[in-house]
Amino acid sequence: MKGKITLKQIAKELDVSISTVSKALSDSKEISEETKQKIKAFAELYNYRPNNIALSLQNRKTKTIGILIPEIVHHFFSTVISGIELVANKRGYNVIVGLSNESFTKEIINMEMLANGSIDGFILSISKETLLKQDYHHFTATINQGIPIVMFDRVVAEVACDKVIVDDLNGSVKAVQKLVDTGCRNIAIITTMDYVSVGRLRTQGYIKALEDNKITPNPNLILKLDDSLDLENHLELLENEIRKFFDLNPGIDGVFAVNELYAITAMKVAQKMGFHIPEDIQVIGFTDGVLSKHATPTLTTVSQHGKRIGEQAANLLIDRLQNEDDSYEQYLVSSKPKTDYIKLVIETEIIERDSTK
């Protein structure tokens, strides 16, 4: 087999999944001893070396940060990248961006490729498929091999690392409170399935705001969409789901959507049905993207401050890499787990436009 062997090639040769190869090489208890021995033997035969661990700490310094995001088309992720790049360049680092395209397998492949001597650390947001599978072995293995990770936006408690998150719950409370303050009483939410943490927290904020205003949450006014489907490229599916939702709940006078796409599509459907915005139905979306500014009417949003998230994440990672008292170098060679991880919470703000009163 010519060239440097990869996880993907090992998986293909042995007719197993990339995840199985990754777990076997990480000595996961989920993989049988027989399978682990077969995969390890094959990897050794073809001189597979994950993440260049054999390189010295000094030689492994690339002054490059790997960014792994689920999608590039979302305004939020592009603003996070701009924040990361701004801080990284100021502090003497370059960045490489990889896309998981919401795929668990692509996430593993990207991490293996970038970690193999190309980068010093990762800043990443977890793919939806990984969250659905609840399989985070590749993150833990990367950290255990001495490559630090900072997670942002979509994070999980199961992985011990620095994190930068949006205050999703309180941001949603503020959004729904805005609708209540402007006269809405039958407020609906268009959200995701609960396995995506941001959707779950934003739904909790919606319920909390209603209860705080002594409005009993109505399960019929909660539309949970399966966002594992490619709704962005099949907008007619999204429009049909929202139209059915409006048909079943004709009294809706306010809509809180957990992302920009859902909010703008809700406005489009409502207008097609003859409703006037904001006179008949008011709409607020989470995420202040380009579409929000150019929608008709313009969309009131919850701003996540993506650039600030990126700046904070970059500073956290570079601080890990450049700790002045060499504690990071001690961390790399220590068998003791780190416990002083930092979790930063970025506050949100309401950007008022024409879709609310």
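Bear in mind that the values here come from a model prediction, so they are computed numbers and not experimental data.

Conventions we followed
Residues numbered from 1 in each chain as written. Predicted model: local features only at pLDDT ≥ 70, side-chain atom pairs only at ≥ 80, totals over all residues. Heavy atoms only, no water. Pairing = 2+ DSSP bridges. Helix = DSSP H or I, 4+ residues; strand = E, 2+ residues; numbered from the N terminus. Axes fitted to C-alpha atoms, helices over the stretch in contact; angles between N-to-C directions. Salt bridge = Lys/Arg side-chain N within 4 Å of Asp/Glu carboxyl O. Buried < 20%, exposed > 50% of the residue type's maximum accessible area, 1.4 Å probe, protein only. Core = buried A, V, L, I, M, F, W, Y, C linked by side-chain atoms within 4.5 Å. Domains from an automatic or database assignment. Contact = heavy atoms within 4.5 Å. Parallel < 35°, antiparallel > 145°, perpendicular 65-115°, else oblique. Left-handed = near helix turned anticlockwise from the far one by under 90°. Nonpolar A, V, L, I, M, F, W, Y, C, P; charged D, E, K, R; others polar. Patch = residues over 30% accessible without salt bridge, like charges linked within 9 Å, V, L, I, M, F, W, Y side chains within 5 Å. Areas by Shrake-Rupley, 256 points an atom, 1.4 Å probe, with all protein chains shown as cover.

Take the sheet that holds strand β5 (residues 162–166) next. On the basis of which strands lie adjacent, the open sheet formed by six strands has the order β2-β1-β3-β4-β5-β11 and parallel pairing. The sheet is open, and its two borders are formed by β2 (94–99) and β11 (343–346), each paired with just one other strand. Each adjacent strand pair in this sheet contributes to an overall mean axis angle of 15°, direction not counted. Two elements, strand β3 (residues 121–124) and strand β4 (residues 149–152), share three bridges in a ladder whose sense is parallel.

Glancing now at the sheet that holds strand β7 (residues 222–225). The six strands lie next to each other as β7-β6-β8-β9-β10-β12, forming an open sheet whose pairing is mixed. Two strands close off the open sheet at either side, each with one partner strand: β7 and β12 (349–351). The sheet shows a mean angle of 20° between the axes of neighbouring strands, direction not considered. Pairing of strand β8 (residues 254–257) with strand β9 (residues 282–286) involves four bridges; the strand directions are parallel. By the bridge assignment for β9, G254 is matched with Q282.

So, on to the pattern of salt bridges. Taken as a whole and judged by the stated rule, the model has 19 salt bridges. A salt bridge links K244 to E241; the nearest nitrogen and oxygen atoms lie 3.4 Å apart. A residue pair is termed a helical-turn pair when its members lie 3 or 4 positions apart in one helix, as K244 and E241 do in helix α11 (residues 235–248) at three residues. Assessed through its relative accessible area of 34%, E241 is described here as partly exposed. Put simply, D340 and R320 hold a salt bridge, and the shortest N to O gap is 3.9 Å. Taken as a pair, D340 in the loop between α15 (327–333) and β11 and R320 in helix α14 (residues 306–321) lie far apart in primary sequence, 20 residues in all. Residues joined by salt bridges that share partners form a network here, namely D27, E33, K36 and K40.

To continue, consider the nonpolar core. By size, the foremost hydrophobic cluster in this structure holds 64 residues, and its most contacted members are I123, F152, I190, F246 and F256. Three or more residues apiece are contributed to this core by two domains, here domain 2 (63–166 + 306–347) and domain 3 (168–304). With near-sequence residues (within four places) excluded, F152 lies in contact with I69, F76, F77, V80, I123, L124, S125, V164 and I309. Counting 23 residues, the second largest nonpolar core, distinct from the first, contains M111, L124, V156 and I165.

Two numbers describe how helix α9 (residues 168–181) lies on helix α10 (residues 197–212): the axes approach to 7 Å, and their chain directions differ by 45°. The orientation of α9 with respect to α10, classified from their angle, is oblique. Seen along the crossing, α9 lies across α10 with a hand that is right-handed. Between α9, through D168, L169, S172, V173, V176 and Q177, and α10, the contact on the second element is made entirely by V198, L201, R202, Q204, G205, Y206, K208, A209 and L210. Of the residues contributing to the contact of α9 with α10, the split by class is eight nonpolar, four polar and three charged.

A few words now on the side chain of T64. Along the chain, T64 turns up in strand β1 (residues 64–69). Note on T64: relative accessible area 9%, which makes it buried. Those residues in contact with T64, other than ones at most four positions away along the chain, are Y93, N94, V95, I96, S118, I119, D120 and G121.

A few words now on a nonpolar patch on the surface. A surface patch of nonpolar side chains, amounting to about 260 Å² of accessible area, comprises I72, V73 and V97. Relative accessible area serves as the criterion here: at 61%, V73 is assigned to the exposed category.

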